[in-house]
Amino acid sequence: MAGTLYLCATPIGNLEDMTFRVLECLKNADLIAAEDTRNTMHLLNHFNIRRPLTSYHEHNKYDKAEELIARHLLKGENVALVTDAGTPAISDPGEVLARRCMEEGIRVTSLPGACALITALSMSGMPSRRFCFEGFLPPDHREREHILEQLKTEERTTIVYEAPHHLKATLRELYESLGDRKLVLCRELTKRYEEAVPSTLGEASDFYETNEPRGEYVLILAGADPALLEQEKHRQWSGLSPQEHMDRYLKTGMDRKEAMKQVAKDRGVSKRDIYRMLLGS
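Peer 1: Give a detailed account of the pairing of strand 7 (residues 157–162), specifying residues and quantitative values.
Peer 2: Within strand 7, six of the six residues are buried, leaving the element largely enclosed by the surrounding structure. Covered by surrounding structure in strand 7 are Thr157, Ile159 and Tyr161 together with Thr158, Val160 and Glu162, the residues of both alternating faces. Two elements, strand 6 (residues 131–136) and strand 7, share five bridges in a ladder whose sense is parallel. Residue pairing across strands places Cys132 opposite Thr158, the latter belonging to strand 7. In this structure, strand 7 lies alongside strand 10 (residues 217–221), joined through five bridges in antiparallel fashion. For Thr158, the partnering residue across the bridge sits in strand 10 and is Leu221.

Have a look at this one:
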C-alpha cells in the first residue's frame, strides 16, 4: 500500500505559529522533503525533531518528484513536504509533486497553517470576497507583460509577492501599467517589525525611490474600477460603424449571431436595432 504525501504549512515568521498537527506529522514522517534543507534544519532543531531530510526545490522538481514517488511513497513511506515558509503546493514545486501523486493514486493531504497571502489580505482592509493570487510576477519579459496586460481589466483584489531587491522596479512597473491604484504594502508578516501600510502605487513607488525596502513584501492591490472599464469600452467602440464593430468580433472567429449580440451589448441597444443598422449600412 502506498504512503501519503503530507503538505505541511510552516511559520512565515513567528515560530509560535507552527501547529501541533504539523509538528506531530514531521516527528513521524519517514522522510521530510524541503525547499532549503538548511532553513528547515533550523526549524526542526528548534522543535527537537530528528527525521531524514532531502532537498526538493524549483531546480530538481521533476526528477526529484519521480524519485520521491518511486523510492518512497509507492513503497509505503509517508513524505512530509515543507517550504521555507508558508503552505506548499501554492509554490510550483509543490504543485508538481502533488499532481504526480494524484496521477499515481497516492493519497495527498494538506495540513493547514500559516499562509502569507491570506494573512496579508485579512489585515489589509481591502475587499476580500473575490481576489486573485499572482504570487511573484514571472521574470520572463513577455510572460510578465502578458500578466500585466491581464491585470489592467482585473476587477478583483490582486495579491503579489515581492522580494526587497526587486520591489522598486515592480512598483514602478505596476504603476506604469495599471495607473495609480490603491495599495496596501504588507511586510515582515508575523515578525517583530510587521507592518501594513495603506498607499497607492504612485506614492509607494516614489517612497521607495529614496527609502531602501526591507523584508519580504506582500502587495494587496485594488482591482480595476468597473465604471472606468465600461467607459473605456464605450470609448473604444464609439468611433466605429456598426459593421466595423461587427467585423472586429467576426475576425476573432465569433459567429454572426453571437457577434451581433455582443455588439448590441457594447452599444447598449437591442439586437433588433443592430440588425436594422446593419441593413442600412
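More follows now that the structure is in view.
Peer 1: Could you give an account of the packing of helix 10 (residues 242–250) against helix 11 (residues 256–267), with specific residues and numbers?
Peer 2: Between helix 10 and helix 11, whose axes approach to 9 Å, the crossing angle comes to 125°. As far as their axial angle goes, helix 11 and helix 10 are oblique. Between helix 10 and helix 11 lies a crossing whose hand is right-handed. Mapping the contact onto sequence places Pro242, His245, Met246, Tyr249 and Leu250 in helix 10 and Arg256, Ala259, Met260, Gln262, Val263, Asp266 and Arg267 in helix 11. Per-class residue counts for the contact of helix 10 with helix 11 are seven nonpolar, two polar and three charged.

Peer 1: Got a sec to walk through the side chain of Asp36? Specific residues and values, please.
Peer 2: Here Asp36 shows up in the loop between strand 2 (31–34) and helix 2 (37–46). Take Asp36: its relative accessible area is 17%, and that puts it in the buried class. A distance of 2.9 Å separates a polar side-chain atom of Asp36 from the backbone nitrogen of Arg38.

Peer 1: An account of the sheet that holds strand 3 (residues 53–55) is needed here, citing residue identities and associated values.
Peer 2: Ordered in space as 3-2-4-1-5, the five strands form an open sheet in which the pairing is parallel. Looking at the sheet topology across the chains shown, the edges are occupied by strand 3 and strand 5 (107–111). Between one strand axis and the next, the sheet turns by 25° as a mean value, whatever way the strands run. Bridge analysis of strand 1 (residues 4–8) against strand 5 gives five bridges, and the strand direction is parallel. Within strand 5, the position partnered with Cys8 by the bridge is Leu111. Packing against the sheet, helix 2 makes contact with strand 2, strand 3 and strand 4 (79–82), and its axis sits at approximately 155° to strand 3.

Peer 1: Describe helix 10, naming the residues involved and giving the relevant values.
Peer 2: Every buried residue of helix 10 is accounted for by Pro242, His245, Met246 and Tyr249. Angular distribution of buried residues about the axis of helix 10 spans 100°; they occupy a single face of the element.

Peer 1: How would you explain the state of the cysteines if you had to name every residue and give the values?
Peer 2: Per the counting criterion, the structure on display carries zero disulfides. In this structure Cys115 is not part of a disulfide, and its nearest cysteine sulfur, from Cys186, lies 13 Å away. By relative accessible area, Cys115 is classed as buried at 12%.

Peer 1: An account of unusual backbone geometry is requested, with residue identities and associated values reported.
Peer 2: At Asn48, a position not held by glycine, the phi torsion is positive, near 55°. Assignment of secondary structure puts Asn48 in the loop between helix 2 and strand 3. With relative accessibility at 58%, the residue Asn48 sits in the exposed group. Even without glycine at this site, Thr190 takes up a positive phi of about 70°. With respect to the helices and strands, Thr190 occurs in the loop between strand 8 (182–187) and strand 9 (195–200).

Peer 1: Can you tell me about the pairing of strand 4, naming the residues and giving the values?
Peer 2: Side-chain alternation along strand 4 places Val79 and Leu81 on one buried face and Ala80 and Val82 on a second face that is also buried. Judged from the three bridges that link them, strand 1 and strand 4 form a sheet pairing that is parallel. In the sheet register, Tyr6 faces strand 4, and the bridge partner there is Ala80. As paired elements, strand 2 and strand 4 share four bridges and run parallel to each other. Looking across to strand 4, one finds that Ala33 is bridged to Leu81.

Parameters and conventions
Residues numbered from 1 in each chain as written. Predicted model: local features only at pLDDT ≥ 70, side-chain atom pairs only at ≥ 80, totals over all residues. Heavy atoms only, no water. Buried < 20%, exposed > 50% of the residue type's maximum accessible area, 1.4 Å probe, protein only. Helix = DSSP H or I, 4+ residues; strand = E, 2+ residues; numbered from the N terminus. Pairing = 2+ DSSP bridges. Axes fitted to C-alpha atoms, helices over the stretch in contact; angles between N-to-C directions. Parallel < 35°, antiparallel > 145°, perpendicular 65-115°, else oblique. Left-handed = near helix turned anticlockwise from the far one by under 90°. Contact = heavy atoms within 4.5 Å. Nonpolar A, V, L, I, M, F, W, Y, C, P; charged D, E, K, R; others polar. Polar contact = N/O pair within 3.5 Å; in protein donor to acceptor, adjacent residues only side chain to side chain. Arc of directions from axis to C-beta. Disulfide = S-S within 2.5 Å.

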